[in-house]
Amino acid sequence: MIYLSVTMYTNIVWSGCDACLLITGWYKAGCELRNLHSLSSLRYVRELPAFFAHPQDQVIIFTSTKMPWTSSNRIYAKPSNTSSVQDEDMGPASRRRAQAAPTAAADSNGRFELSDHGYGKNSVKLLHVHRDGDFHTIREFEVSTELKLASESAYVVGDNKEVVATDSQKNTIYLLAKKYGVKTPEEFGAVVVNHFLYTYKQVAEAKCHVLEYPWERLQAGAPHNHAFVYSPTATRWCQVSQARHEAVIVKSGLSGLRVLKTTQSAFVDFVQDEYTTLTDAAERIFSTVVEAEWTYESMRSADFDDAWLTVKDAILDKFAGPPDTGVYSPSVQHTLYQAEKVVLEKVPEITWVKMTMPNKHYLNIDMSKFPANVTKGDPKHQIYQPTDKPAGLIYAQLRRRPRSKL
Ligand SMILES: O=c1[nH]c(=O)c2[nH]c(=O)[nH]c2[nH]1
């Protein structure tokens, strides 16, 4: 018997053949998640049968009309031994038990409520080495997990019966990496949340944060077979989360991309009033440490590695411009917007992108008070005072608008 957990990404044409879908999990009796990567490459319903290992295996898929939840774009089935905590699935006895479940609200006679909770293991470091003969590929991750249990019992009465220990969560990360390998941070995050949600019925929501260490293959005339160099231009991260019966949410990010240019930046014509001391600058140093994050409309066709590089290149290109002439920036705001626009134009799977660019000021030093004999020097030498704090903080989020029906 095979059970499938399927997320539809198009209008449902379930009986037809052309519904695009993403398989978020594949289960045999005993709840074994298998082969997520090859399954996630499935694009069409009609390709499903090709993946059934045994002809006698039977597929159980709940169609949209039977969905207990309302969202129109999800199809979902679950193994019987991981039945969810939905009301529909509960008999009178379990419903009574659920009603009696200890909550902070009941415990405090309605005075308080546990408005948020979660627990997990943070910064579990792992190195994945893929040895393909002499040619080795690595990815080093720092993985954090977080589970939200449906019940508050662990907090309110100290009942650990449903608590998946954070130590077990750490072990799970290593075991899943061994079992399924490590492709992108996003796909590994999806494997992890999928595992927790479908292995433990008491888990209401699972989150996985993955930070990637920036190793690059050493170029020694030619790409080296097995040596790498740490190249921390920017850090890559992602946060994958999924609530039971909800679609998986993938947020990816880039952080710490520090850049500086010495010309082609100005800031003029801003508000001048009794609060203003800053003067127009037709020429200034522009330096920032870019943070960017974005979400995907569809995991189905997203190429996470390619998207990350596209975002990084868009920022560098709109910041720097061509190598000889550069590109003029009238403000941090405008440069940030330009980079975001390129991201949405180039990566159709990205729903929105948010960038933050602190304006790291490099101040002109007023040398007019010093005597000329000590200030005169080669005009090619210009000295600025880097001031890390305070910094301007500029951000914007650009998102796609729904297509007009006209
Ligand atoms: O690009 C800039 N945008 C601002 O809003 C601002 N404010 C400021 O003092 N310097 C700058 N620079």
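Look above for the structure.
Residues numbered from 1 in each chain as written. Predicted model: local features only at pLDDT ≥ 70, side-chain atom pairs only at ≥ 80, totals over all residues. Heavy atoms only, no water.

### Remarks on the site of the ligand
Here comes step 1: Around the ligand sit F267, L278, R284, S331, V332, Q333, N359 and I394, and that is every residue in its neighbourhood.
Here comes step 2: Here a nitrogen atom of the ligand sits 3.3 Å away from a polar atom, N or O, in the side chain of N359.
Here comes step 3: Out of a free accessible area of 290 Å², the ligand has 72% covered by protein chains.
Here comes step 4: Each residue belonging to the shell around the ligand can be placed in one class, and the counts come to four nonpolar, three polar and one charged. (Near = heavy atom within 4 Å. Polar contact = N/O pair within 3.5 Å; in protein donor to acceptor, adjacent residues only side chain to side chain. Areas by Shrake-Rupley, 256 points an atom, 1.4 Å probe, with all protein chains shown as cover. Nonpolar A, V, L, I, M, F, W, Y, C, P; charged D, E, K, R; others polar.)

### So, helix α8 (residues 332-346)
Here comes step 1: With 15 residues, α8 extends 21 Å between its outermost C-alpha atoms, agreeing within 8% with the 21 Å of an ideal straight helix rising 1.5 Å per residue.
Here comes step 2: When we look at burial in α8, the residues that qualify are V332, T335, L336, A339, E340, V342, V343 and L344.
Here comes step 3: Contacts from the buried residues of α8 go to β13 (286-296), α7 (304-320), β14 (350-364) and β15 (384-399). (Helix = DSSP H or I, 4+ residues; strand = E, 2+ residues; numbered from the N terminus. Expected span 1.5 Å × (residues − 1). Buried < 20%, exposed > 50% of the residue type's maximum accessible area, 1.4 Å probe, protein only. Contact = heavy atoms within 4.5 Å.)

### Considering the packing of aromatic side chains
Here comes step 1: Taken as a whole, this structure holds seven aromatic pairs when the rule is applied.
Here comes step 2: Ring geometry for F286 versus F319: centroids 4.9 Å apart, planes at 65 degrees, classification edge-to-face. With a gap of 33 residues between them, F286 in strand β13 and F319 in helix α7 connect regions that are remote in the sequence. In this pair, the class of F286 matches that of F319, namely buried.
Here comes step 3: Where Y296 meets F304, the ring centres are 4.9 Å apart and the plane angle is 85 degrees; that geometry is what we call edge-to-face.
Here comes step 4: Members of the aromatic cluster, each reached through a chain of ring pairs, are Y213, W215 and Y230.
Here comes step 5: Note that K261 overlies the ring of F319, its terminal NZ or CZ placed 5.4 Å from the centroid. (Phe/Tyr/Trp six-rings, centres within 6.5 Å; stacked < 30°, edge-to-face > 60°. Lys NZ or Arg CZ within 6 Å of the ring centre and 35° of its normal.)

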